[in-house]
Amino acid sequence: MRPSLSCLLSISLFFTFFLLGVKSTNNLVTKTCKQMVQSDPQLHYNFCIAALEGPASKNHVKDLQGLGLVAANLIKANASGTLSHVEKLLKQKGLEPFYKGCLLDCQELYSGAIDKVRNTIDAFKSKDYFSANIQGSAAMDDSITCEDGFKEKKGVVSPLTKMNDDIFQLCAIFLSITNMFH
Ligand SMILES: *[C@@H]1O[C@H](CO)[C@@H](O)[C@H](O)[C@H]1NC(C)=O
């Protein structure tokens, strides 16, 4: 049996709209990342694209509000992942006391950061970009404080540098987005 013309037509229309949807999400991500990197030299363009593109198209994000939520949820997932990693490291036997102290600080910092990110998400959802920005900045500070702890003693190497950097970047992305609403 030959498929009818209208059937073929609706299939091709479906794919056209599907592809247009993906394309416009990717355009939004590219445009926003470009704009953010220009105003914040600490932000890396490639990181921005790599972090946002997948989840943004998965969630059919169409606007900046949607993209901000994607970024905030990435921070939450990242902070939870980092906290679990810290807790795993803390289970090791015979940890050097200074190093263990740093990990304990990071555990506390990230528990707090996760609460702040939850508040950020609530504020952002209710379009209170000012509070979202304040809570997001506080979460960002927690990642910096965690990383800096390890630097206080010579020869100690942070096992969390990559994770802290990722969270720093994600927070910077999120904060940039909240600033675009001002
Ligand atoms: C944090 O986010 C980055 C970018 O999306 C990702 O590459 C990394 O694997 C995440 N880390 C954790 C611990 O979830």
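Look up: the structure comes first, before these words.
Here is a short report on the structure shown in this document. Keep in mind that this is a model prediction, so the values were computed, not measured. (Residues numbered from 1 in each chain as written. Predicted model: local features only at pLDDT ≥ 70, side-chain atom pairs only at ≥ 80, totals over all residues. Heavy atoms only, no water.)

The subject of this paragraph is the site of the ligand. In the vicinity of the ligand, the contacting residues are F47, A51, N78, D166 and L170. Starting from 360 Å² of accessible surface for the ligand in isolation, the protein chains cover 59%. Sorting the residues of the shell around the ligand by element identifies α2 (45-58) and α6 (161-179) as the ones contributing at least two each. Across the shell around the ligand, the residue classes tally to three nonpolar, one polar and one charged. (Near = heavy atom within 4 Å. Areas by Shrake-Rupley, 256 points an atom, 1.4 Å probe, with all protein chains shown as cover. Helix = DSSP H or I, 4+ residues; strand = E, 2+ residues; numbered from the N terminus. Nonpolar A, V, L, I, M, F, W, Y, C, P; charged D, E, K, R; others polar.)

Attention now goes to the nonpolar core. Soluble globular proteins tend to pack their nonpolar side chains together in the buried interior. Ranked by size, the top nonpolar core spans 51 residues in total, and within it L52, L67, L103, F150, L160, I173 and F174 carry the most contacts. Elements supplying a minimum of two residues to this core: α1 (5-39), α2, α3 (64-90), α4 (97-125), α5 (129-150) and α6. It is α4 that provides the largest number of residues to this core, a total of 12 residues. In this structure L52 touches V29, C33, L67, V70, A71, L74 and I173, once residues within four positions along its chain are discounted. (Core = buried A, V, L, I, M, F, W, Y, C linked by side-chain atoms within 4.5 Å. Buried < 20%, exposed > 50% of the residue type's maximum accessible area, 1.4 Å probe, protein only. Contact = heavy atoms within 4.5 Å.)

So, about the packing of aromatic side chains. Aromatic ring pairs are described here by two measures, namely the spacing of the ring centres and the angle between the planes. Counting across every chain of the model gives five aromatic pairs. Grouping aromatic residues by their ring pairs yields a cluster made of F124, Y129, F174 and F181. (Phe/Tyr/Trp six-rings, centres within 6.5 Å; stacked < 30°, edge-to-face > 60°.)

Between the first and last C-alpha of α5 there are 33 Å, a value that for 22 residues agrees with the 32 Å anticipated at 1.5 Å per step. Looking at α5, one finds that the buried residues are Y129, A132, N133, G136, A139, M140, D142, S143, C146, E147, G149 and F150. The inward-facing, buried residues of α5 abut α3, α4 and α6. (Expected span 1.5 Å × (residues − 1).)

The next point concerns the packing of α2 against α6. Look at α2 against α6: their axes get within 11 Å of each other, and the N-to-C directions meet at 80 degrees. When the axes of α2 and α6 are compared, the pair comes out roughly perpendicular. In this structure, α2 contributes F47, C48, A51 and L52 to the contact, and α6 contributes D166, Q169, L170 and I173. Tallied by class, the residues present in the contact of α2 with α6 amount to six nonpolar, one polar and one charged. (Axes fitted to C-alpha atoms, helices over the stretch in contact; angles between N-to-C directions. Parallel < 35°, antiparallel > 145°, perpendicular 65-115°, else oblique.)

Turning next to the state of the cysteines. Within this structure, the stated rule accounts for two disulfides. Across the disulfide from C33 sits C48; the S-S distance is 2.1 Å. Its S-S torsion of approximately -85 degrees makes the covalent link between C33 and C48 left-handed. With C33 in helix α1 and C48 in helix α2, this pair connects stretches of sequence that are 15 residues apart. A residue is classified by how much of its surface remains accessible, and C48, at 1% relative accessible area, is buried. (Disulfide = S-S within 2.5 Å.)

Once that is clear, we can look at α4. Since the α-helix turns once every 3.6 residues, residues separated by three or four places project in the same direction. Look at α4: 42 Å from first C-alpha to last across 29 residues, which is about the 42 Å you get at 1.5 Å a residue. Where α4 begins, the side chain of E96 points an oxygen toward the backbone nitrogen of F98, at a separation of 3.2 Å. At the C-terminal side of α4, K127 shows a positive phi close to 60 degrees. (Polar contact = N/O pair within 3.5 Å; in protein donor to acceptor, adjacent residues only side chain to side chain.)

With that out of the way, let us pick up the packing of α3 against α4. Interaxial distance between α3 and α4 falls to 9 Å at its minimum, and their mutual angle equals 160 degrees. The orientation of α3 with respect to α4, classified from their angle, is roughly antiparallel. Taken as a pair, α3 and α4 cross one another with a handedness that is left-handed. For the contact of α3 with α4, the per-class residue count stands at 17 nonpolar, seven polar and five charged. (Left-handed = near helix turned anticlockwise from the far one by under 90°.)

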